[in-house]
Amino acid sequence: MIDPWKIHTLVLDVDDTLFPERDFVLGGFAAAGKWLRAQLGVDGFSATATRLFEAGLRGRIFDESLDAMDVPISPELVGELVVAYRSHQPTLTLFPDAARLLSRAVGRVNVALLTDGFEAVQRNKIEALALDPRIELRVITDALGGRNFWKPCPEGFRLVMRRYPGESGGYVYVGDNPRKDFLGPRALGWRTVRIKREGGEHSTYVANPDEEADIVVTDLTELSQHFGWEENGR
Ligand SMILES: [Mg+2]
């Protein structure tokens, strides 16, 4: 039997917690590829970048893709591709278990989002997921003052506490990346949950004890049990 947590405020990471970030990435490659075709008449960027991404490359995909396509690389060209990637209007869908958790949580406890990433990009994602009016408090850490405010900085979590005051143990943060997600909320006395999905970007990462969450789940609907919410009902 699980002794339920007395939770009053549920705070959720966005990328790879509520939706597959891969969908945003592939949509971004398609937008960048479209731009390149229109500008230089070169085809195949999206397919090349996708192949490199699926092979596990991170960080240098734009340069490496152009290189593989024999397109001369310049910082300006890469910059334009990055702009096309970041500014595209994504089509995104919540993970089914995330959608179920949200429909149980909204109206029952305070619900907030807390996400890193460039402000405009994160806004587009939140809007594409139709979370914009549904979740009132949406903390994009970047908007608090740039990269220094990204996780593990605790400032975004403090903002949630000011907006929804309560017992520190009644706040829960759900995220997928132990390298940065849980250090801030843990320091403030929050409970933490790691969602570890099959094939997830950080799912094979072995966290050390001070960065790991209190519990690890493979499906967010498991949380209803931990929170003492009935499975039937809503
Ligand atoms: Mg994440």
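Every value quoted in this text rests on a predicted model; they were computed, and no experiment measured them.

Parameters at a glance
- What you see as residue numbers is a count from 1 along each chain, following the sequence as written.
- In view of the model being predicted, local features appear only for residues whose pLDDT reaches at least 70, and side-chain atom pairs are presented and counted only at 80 or more, with totals across whole chains, interfaces and linings using the full set of residues.
- Side-chain metrics in this entry use all non-hydrogen atoms of the structure; hydrogen atoms and water are not considered.
- Secondary structure is summarised from DSSP: a helix means a run of H or I of at least four residues, a strand means a run of E of at least two, and numbering begins at the N terminus for each.
- With the radius of gyration taken over C-alpha atoms, the globule rule is written as 2.2 Å times the number of residues to the power 0.38.
- Accessibility here uses a 1.4 Å probe with only protein chains present; expressed as a share of the type maximum, an area under 20% marks a residue as buried, one over 50% as exposed, and anything in between as partly exposed.
- Contacts between residues were defined by any pair of non-hydrogen atoms, one from each residue, lying within 4.5 Å.
- Per-residue and other accessible areas were derived by the Shrake-Rupley procedure at a 1.4 Å probe size, with only the shown protein chains allowed to occlude residues.
- His is not counted here, nor are the chain ends, while Lys and Arg score as positive and Asp and Glu score as negative.
- Taken as the charge centre is NZ of Lys, CZ of Arg, CG of Asp or CD of Glu, depending on the residue.
- Distances up to 2.8 Å from the metal define which N, O and S atoms are donors, and 3.2 Å serves for Na, K and Ca; water is absent from the atom set, so sites may look incomplete.
- By the convention used here, strands pair only if DSSP detects at least 2 bridges between them.
- In this description, a line fitted to the C-alpha atoms serves as the axis of each element, helices being fitted only across the stretch in contact, and the angle between N-to-C directions of two axes falls anywhere from 0 to 180 degrees.
- Each domain's limits were defined by an automated method or a database of domain assignments.
- Salt bridges are defined by distance alone: a side-chain nitrogen of Lys or Arg within 4 Å of a carboxyl oxygen of Asp or Glu.
- A 3.5 Å cut-off defines polar contacts: any pair of N or O atoms within that distance qualifies, except that in protein one atom must be a possible hydrogen donor and the other a possible acceptor, and neighbouring residues in sequence count only when both atoms are side-chain atoms.
- The residue classification treats Ala, Val, Leu, Ile, Met, Phe, Trp, Tyr, Cys and Pro as nonpolar and Asp, Glu, Lys and Arg as charged. All others, Gly included, are polar.

This paragraph deals with the overall build of the protein. Helix and strand counts for the protein come out as nine helices and six strands. Computed over its C-alpha atoms, the radius of gyration of the protein comes to 19 Å, within 12% of the 17 Å expected for a compact globule of 234 residues. Each principal axis of the C-alpha distribution contributes one length, and for the protein these read about 60 × 35 × 35 Å. Across the 234 residues in the protein, those meeting the buried criterion constitute 48%. Within the protein, contacts between residues separated by at least 24 positions form 64% of all contacts whose residues are at least 6 apart in sequence. Only carbon and sulfur atoms are counted for the fraction: they give 50% of the accessible area of the protein, which is about 11500 Å². Averaging the coordinates of the 28 positive side-chain charges in the protein and doing the same for the 35 negative ones gives two points 4 Å apart.

Attention now moves to the coordination of the magnesium ion. The coordination sphere of the magnesium ion contains the protein donors Asp13 (OD), Asp15 (O) and Asp176 (OD), at a distance range of 2.1 to 2.3 Å. Counting residues between consecutive donors of the magnesium ion along the chain gives the motif D-x1-D-x160-D. We note that Asp13, like Asp15, is buried.

In sheet architecture, strand pairing relies on hydrogen bonds along the backbone and comes in two forms, parallel and antiparallel. Read across the sheet, six strands follow the order S3-S2-S1-S4-S5-S6 without closing on themselves; strand pairing throughout is parallel. Two strands in the sheet have a free side with no partner beyond their single neighbour: strand S3 (137-140) and strand S6 (215-217). Strand-to-strand, the axes of this sheet are offset by a mean angle of 20 degrees, without reference to chain direction. The strands touched by helix H6 (residues 119-128) within the sheet are strand S2 (110-115) and S3, with S3 carrying the most contacts at an inclination of about 145 degrees.

Assigned domains within the protein: domain 1 (9-19 + 92-226) and domain 2 (22-87). Relative placement of domain 1 and domain 2: their C-alpha centres are 29 Å apart. Tallying the contact residues gives eight residues for domain 1 and six residues for domain 2. If you look at where domain 1 meets domain 2, you find one salt bridge. Inspection of the domain 1/domain 2 interface yields one residue pair in polar contact (both at pLDDT 80 or more). Split by residue class, the side of domain 1 that touches domain 2 holds four nonpolar, one polar and three charged.

Turning next to the side chain of Asn124. For Asn124, the location among the structural elements is in helix H6. The class of Asn124 is buried, set by a relative accessible area of 14%. Leaving out residues up to four positions away in the same chain, Asn124 has contacts with Arg86, Ser87, His88, Gln89 and Pro90.

Another aspect to go through is the pairing of S2. Extensive coverage of S2 is indicated by the burial of five of its six residues. As paired elements, strand S1 (residues 9-12) and S2 share four bridges and run parallel to each other. Looking at S2, one finds that Val11 is bridged to Ala112. Bridge analysis of S2 against S3 gives four bridges, and the strand direction is parallel. Residue pairing in the sheet places Leu113 in a bridge with Arg138 of S3.

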